[in-house]
Amino acid sequence: MKLTHFDENGKAVMVDVTEKSDTVREATATGKIVVNKTIYDAIGAGTIGKGDVLGVATTAGIMGAKRTAELIPMCHILLITKCRVTFEMLPEECAVRCCCTVKVTGKTGVEMEALTGVSTALLTIYDMCKALDKSMEIKEIYLCRKTGGKSGDYEHGEKMEDGGCNAE
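Values in this document were obtained by computation on a predicted structure and should not be read as measured data.

## Focus: the pairing of strand 4 (residues 137-147)
Within a regular strand, side chains alternate between the sheet's two faces.
Part 1: As defined by bridge partners, strand 1 (residues 23-34) adjoins strand 4 across eight bridges and the pair is classed as antiparallel. Along strand 4, the bridge assignment pairs Val 34 with Glu 137.
Part 2: Where strand 4 and strand 5 (residues 154-155) come together, two bridges link them in antiparallel fashion. By the bridge assignment for strand 5, Arg 145 is matched with Glu 155.
Part 3: In sequence, strand 4 turns back onto strand 5 through a hairpin of six residues, with Gly 148 there showing a positive phi of about 90°.

Okay, here's the thing in structure tokens:
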């Protein structure tokens, strides 16, 4: 498989999507943050001093997805038509799982937007809780599935059994 982000001289380039057809494309990514019991309980109870952690993280995840092209140099600016960020509390792990689904009708996919949305949401949880404990760990960020485009559909089969992408 040829990498498309390099020219014939090996220099990084933005992929030319001019001739590609607009299609409906959707991607879902997931990740989680492992916290201590005190933080886990405070997030669940809504008693973190900085406010509604998951509410703020939802907004941050959406903003992150929308601004992906400003953060990842070769990403195209996309007119996102849907972005949904959800959370699942995982008491047995003292963790919060985040899922981000992004949809667009366009010439290029939204995998990076979904991954950026999850990353930004989880980083926001860290930021809002770091005064209580800095040892939180952000883990297992990955693309669950994507549909549309020339490369077709993709599903991360190995991880699907653990519910990682089914929290939507």
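## What to know about the sheet that holds strand 3 (residues 95-106)
Part 1: A sheet is described by the order of its strands in space; here five strands give the open sequence 2-3-1-4-5, paired in antiparallel fashion. The open sheet terminates on both sides in strands that have one partner only, identified here as strand 2 (82-90) and strand 5.
Part 2: Of the strands in this sheet, strand 2 and strand 3 touch helix 2 (residues 53-66), which is tilted by about 140° from strand 2.
Part 3: Set on the sheet, helix 4 (residues 111-129) makes contact with strand 1, strand 2, strand 3 and strand 4; between it and strand 1 the angle comes to about 25°.

## A few points about the pairing of strand 1
Part 1: Note: strand 1 against strand 3, twelve bridges, orientation antiparallel. Following the sheet pairing, Thr 30 is matched in strand 3 by Cys 99.

## Section: helix 2
Part 1: With 14 residues, helix 2 should reach 20 Å at 1.5 Å per residue; the first-to-last C-alpha distance of 20 Å fits that figure.
Part 2: Listed in full, the buried residues belonging to helix 2 are Val 53, Leu 54, Ala 57, Ala 60, Gly 61, Gly 64 and Ala 65. Each buried residue of helix 2 sits inside an arc of 135° when the element is viewed along its axis, so together they form one side.
Part 3: The secondary structure elements touched by the buried residues of helix 2 are helix 1 (37-45), helix 3 (68-71), strand 2, strand 3 and helix 4.

## Notes on the side chain of Lys 146
Part 1: You can see Lys 146 is positioned in strand 4.
Part 2: Buried and unpaired, Lys 146 has Glu 111 as its nearest opposite-charge partner, separated by 4.2 Å.
Part 3: A polar atom in the side chain of Lys 146 sits 2.5 Å from the backbone oxygen of Gly 152.
Part 4: Here Lys 146 is in contact with Glu 26, Ala 27, Glu 111, Ser 151, Gly 152, Asp 153 and Tyr 154, once residues within four sequence places are set aside.

## As for the pattern of salt bridges
Part 1: Counted according to the given criterion, the structure contains eight salt bridges.
Part 2: One salt bridge in this structure joins Glu 70 and Arg 67, with 2.8 Å as the shortest N-O distance.
Part 3: Given the relative accessible area of 43%, Arg 67 is considered partly exposed.
Part 4: Ionic pairing is found between Arg 97 and Glu 88, a salt bridge with its closest N-O pair at 3.4 Å.

## Here's the deal with unusual backbone geometry
With the exception of glycine, most residues fall at negative phi, and the peptide bonds are largely trans.
Part 1: Although it is not a glycine, Cys 94 sits at a positive phi angle of roughly 55°.
Part 2: Note on placement: Cys 94 falls in the loop between strand 2 and strand 3.
Part 3: Given a relative accessible area of 14%, Cys 94 falls into the buried group.
Part 4: Phi angles above zero are rare outside glycine, and Glu 140 is one such case at about 50°.
Part 5: One can find Glu 140 in strand 4.
Part 6: On the accessibility criterion, Glu 140 (37% relative accessible area) is partly exposed.

The rules we used
The numbering scheme is per chain: residues are counted from 1 as the chain's sequence reads. Only residues with pLDDT of at least 70 are given local features in this predicted model, and only at 80 or more are side-chain atom pairs given and counted; all residues enter the totals for whole chains, interfaces and linings. Side-chain metrics in this entry use all non-hydrogen atoms of the structure; hydrogen atoms and water are not considered. At least two bridges found by DSSP between two strands are what make those strands a pair. Numbering of helices and strands runs from the N terminus, with a helix taken as a DSSP run of H or I at least four residues long and a strand as a DSSP run of E at least two residues long. Any two residues having at least one pair of non-hydrogen atoms within 4.5 Å are treated as being in contact. Helix axes are fitted to C-alpha atoms over the stretch in contact, other axes to C-alpha atoms as well, and angles between N-to-C directions run from 0 to 180 degrees. A helix is expected to span 1.5 Å multiplied by its residue count minus one. Exposure classes here rest on a 1.4 Å probe applied to the protein chains alone. A residue is buried below 20% of its type maximum, exposed above 50%, and partly exposed in between. It is the directions from the helix axis to the C-beta atoms whose arc is reported. Residues scored as positive are Lys and Arg, those scored as negative are Asp and Glu, and His as well as the terminal groups of each chain are ignored. One side-chain nitrogen of Lys or Arg within 4 Å of one carboxyl oxygen of Asp or Glu is enough to make a salt bridge. Here a polar contact is recorded for every N or O atom pair within 3.5 Å, except that within protein the pair must consist of a potential hydrogen donor and a potential acceptor, and residues adjacent in sequence are included only if both atoms are side-chain atoms.

The analysis is restricted to geometry; functional conclusions fall outside its scope.
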